[in-house]
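Listed below, chain by chain, are the residues.
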Amino acid sequence: MLNLNGYFSKVKEEIFSSFKEKYGSLEFDLDQLKIEKAPEKEDAEFGIPCFPLGRVLKKSPVQVATEIAEAFEASDLIEKLQAVGPYLNVYINRQAFMACVCASVRQDKNRFGSSFMGKGKRVMVEYSSPNTNKPLHIGHVRNNLVGMTISRILEFNGYEVIKVNLINDRGIHICKSMLAYEKWGEGETPESSGKKGDHLVGEYYVRFDRELKKEKEEYATKVGFDQGTLDKEFIRKKREDMRQCSDKEEKKKLRQEISDLAKKGEAFEQEFLANSQYTEEAQGMLQKWEQGDEDVRSLWKKMNDWVLAGFEDTYAILGCEFEKLYFESDTYTLGRKFVEEGLGKGLFERYKDGSIWVKAEKLKEAAPKSFKKVQLNDKLLLRKDGTSVYMTQDIGTAALKNEDYTLDRSLYVVAEEQNLHFKILFAVLEMLGFPWACGCEHVPYGMVILPRGMGKIKSREGTAVDADDLIQEMKGRAEEKIRDGEVRVSEEQIEDTSLKVALSALKLFMLQVSLDKTVQFDPHEVIEFYGDTGPAILYSYARIQGIFRKAEILPDEEKSIDVSLLTTSEEFALLQMVSEFPDTVKTACNYNPHLLVSYLLTLKKNFSSYYGKEKVINEDNQALTLARLGLCQVVAQTIQNGLSLLGIEVVDNM
RNA sequence: ACGCCCAUAGCUCAGUUGGAUAGAGCACCAGUUUCCUAAACUGGGGGUCACAGGUUCAAUUCCUGUUGGGCGUACCA
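Summarised in this report is the structure supplied together with it. (Residues numbered from 1 in each chain as written. Chains lettered and ligands numbered in written order. Predicted model: local features only at pLDDT ≥ 70, side-chain atom pairs only at ≥ 80, totals over all residues. Heavy atoms only, no water.)

Thoughts on the sheet that holds strand β6 (residues 160–167)
Consideration 1: With parallel pairing, five strands are arranged side by side in an open sheet as β7-β6-β5-β11-β12. With partners counted over all chains shown, the strands left at the sheet margins are β7 (324–327) and β12 (440–443), one partner each. Recorded for the sheet is a direction-independent mean angle of 25° between the axes of neighbouring strands.
Consideration 2: Lying over the sheet, helix α17 (residues 419–431) contacts β11 (409–413) and β12, oriented at roughly 180° with respect to β12. (Pairing = 2+ DSSP bridges. Helix = DSSP H or I, 4+ residues; strand = E, 2+ residues; numbered from the N terminus. Axes fitted to C-alpha atoms, helices over the stretch in contact; angles between N-to-C directions. Contact = heavy atoms within 4.5 Å.)

If you want it as structure tokens, here you go:
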């Protein structure tokens, strides 16, 4: 039996051999011919546009189509070809095709759709990269899901994937929550309070910000500064006014006004920070941390462990896994050596104050394509006191990654706001002559933002939607829905099923949007369970399982499905859809997980239509029942394979 | 100011290297449960693919410009 891949190549070959004879030898790449699904108004199953052929033969595509159709003789696979304008409609032998699809799925099972594209190649995927001062929010959820899904898709395509997480466990933001805990914590622990570790620490991060604001108000009063005009609401309203203003002059004036206010605000902010007691204390704590002060280090260790334990729970629920964790506290000084080496080789430059920089021109030379139109500034690589910046750390970590593993590719799943940073990083790695530098790749995705007027997602200001809370809220709703009406899920299963349903909704919601789009998330609106959603796909799967439970016998795995009994157009459409799965997986592999989502939604839609129209179990006709049960198995397997790439587990009942 | 990304139905989004009549879901209207799970299905209305040019036999898709939005241009990470 032909497998799917073989089927399509054979179809192409058959079409070609017939016209190759006609035109004699001709230079034409078979891949240029696309076998597309024919539009619905056509009776044919597939269609081939003849424009590329026409170009090569220097004939009109209409003529080419006609000539090929005339020359073609029917075969086992193809019944006939028909020219419709510049298109060649392909009427296939449906049974041969359907048998081939079914056999492919039944043979490959949970590997159906996989490929060997990446065989022998090892790729590292860095994702998540959280700060250890606050719990994960909806923005991190997008990163985690994208990173995890890309990893799974790569693995399915034969790559060896190493998932890593770079934990940002060091820096002033960490010290802020530490300081707040020291001041106001009164020895609270996750155990004593019953709070999840990351949430507990997050509360102190928020607390620091609140106290800092208080201090700022007091300072403003002391120096007689009116903060009222710097109020966010006030500026936001002004901005809204400006947007709506149609008069150009007026608009300009408003813009100037806003910009002045912003400048004024910034100046005051600077002045305040320079005089802020809390800020000074936090800075002091960071210095002590860097000096290895025992007390500070032990507090840091304690709180970080709390947070990491909390993250572990969230990762486990989301289905995120890592082969290795890198900690910034271990890696942040690693890059220094390379920066100094680069300086020695004359790649970088030392400024008078002692700091080390890479010149913009040098970067442009190293990666002319990346910076073609970019107005680039020199980039700091090492501070004058020899301490590291973000870039230093990333150089070191990249080198460490390639010391730990031999990598063909190294991906960074990080939000698009860091596009420039990674362009520079990769150019610097290139300059330093690392042979693996060209394997580095940034996989950017759009941020999750709040609706207009709600500002930015900020944990410390309470505008973030907490990941754990969101999942729990959704799980509660899922359970409610399961218990509503006829309950099919056993009491022991309800907890597990509710969580799976909730996660399917969350994951599909996030992953259905292409990576280049910003996702707007309104915290006041819930993620739905109806329509084009994860639960709707799980529901289709559960319905199929319901059929299997009810069926008296299931198809014999050894025997092939009698596809000659599957005569409805819905049945053909379903198998045609199934046949597209392997290609969908391949295109998804190019950082397009959303294509997999829309594929699964279409498959679900096809199945639901079929389910509504035909009955699978037919008491009077066992042969037909078995054939349809076989079809259902094939569809269920495809749904399961697709969902598993998205990290979604199926349920048998819901 | 400059650079990058985005703009498709009232709303949220698909549309895989340019190809046949631009598709879903939500919302709205009208239907479908003696029949394998109604978290479903069937039908209906709803589009100048932001705008203006250009390239092409063919443009939602590629190029240029304009407008609107997001992000970036830190000795923050």
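Looking at the side chain of Ser-104
Consideration 1: For Ser-104, the location among the structural elements is in helix α4 (residues 94–108).
Consideration 2: The contact partners of Ser-104, leaving out residues within four places of it in the chain, are Asn-3, Leu-4 and Phe-112.

A short note on the protein's contact with RNA strand B
Consideration 1: Taken together, 71 residues sit near RNA strand B, with Lys-41, Tyr-87, Tyr-539, His-594 and Glu-614 positioned nearest.
Consideration 2: Near the protein, within 4 Å, the atoms of RNA strand B are sugar or phosphate in 64% of cases.
Consideration 3: In this structure, a phosphate oxygen belonging to RNA strand B sits 2.9 Å away from a side-chain N or O atom of Lys-517.
Consideration 4: Separating a base oxygen of RNA strand B from a backbone N or O atom of Ile-617 is a distance of 3.2 Å.
Consideration 5: Elements that contribute at least two residues to the surface near RNA strand B include exactly α2 (51–57), β4 (87–92), α17, α18 (467–483), α20 (534–550) and α23 (593–613). (Near = heavy atom within 4 Å. Polar contact = N/O pair within 3.5 Å; in protein donor to acceptor, adjacent residues only side chain to side chain.)

Things to note about the packing of aromatic side chains
Given two aromatic rings, their pairing is described by the distance between the two centres and the angle made by the two planes.
Consideration 1: Tallied over the entire structure, the rule returns 30 aromatic pairs.
Consideration 2: Measuring from centroid to centroid gives 5.9 Å for Phe-607 and Tyr-611, while their planes differ by 50°, and the two rings are tilted. Placement of both Phe-607 and Tyr-611 in helix α23 is noted, with a separation of four residues, approximately one turn of the helix.
Consideration 3: Given a relative accessible area of 1%, Phe-607 falls into the buried group.
Consideration 4: Given the relative accessible area of 31%, Tyr-611 is considered partly exposed.
Consideration 5: Among the aromatic residues, those joined into a cluster by ring pairs are Tyr-7, Phe-8, Phe-46, Phe-97 and Phe-572.
Consideration 6: For Lys-80, the ring lying beneath its charged end belongs to Tyr-91, and the centroid distance is 4.5 Å.
Consideration 7: Between the NZ or CZ atom of Arg-297 and the centre of the ring of Trp-289, over which it lies, the distance is 3.8 Å. (Phe/Tyr/Trp six-rings, centres within 6.5 Å; stacked < 30°, edge-to-face > 60°. Buried < 20%, exposed > 50% of the residue type's maximum accessible area, 1.4 Å probe, protein only. Lys NZ or Arg CZ within 6 Å of the ring centre and 35° of its normal.)

Interpretation note: all reported values are geometric properties and have no functional meaning in isolation.
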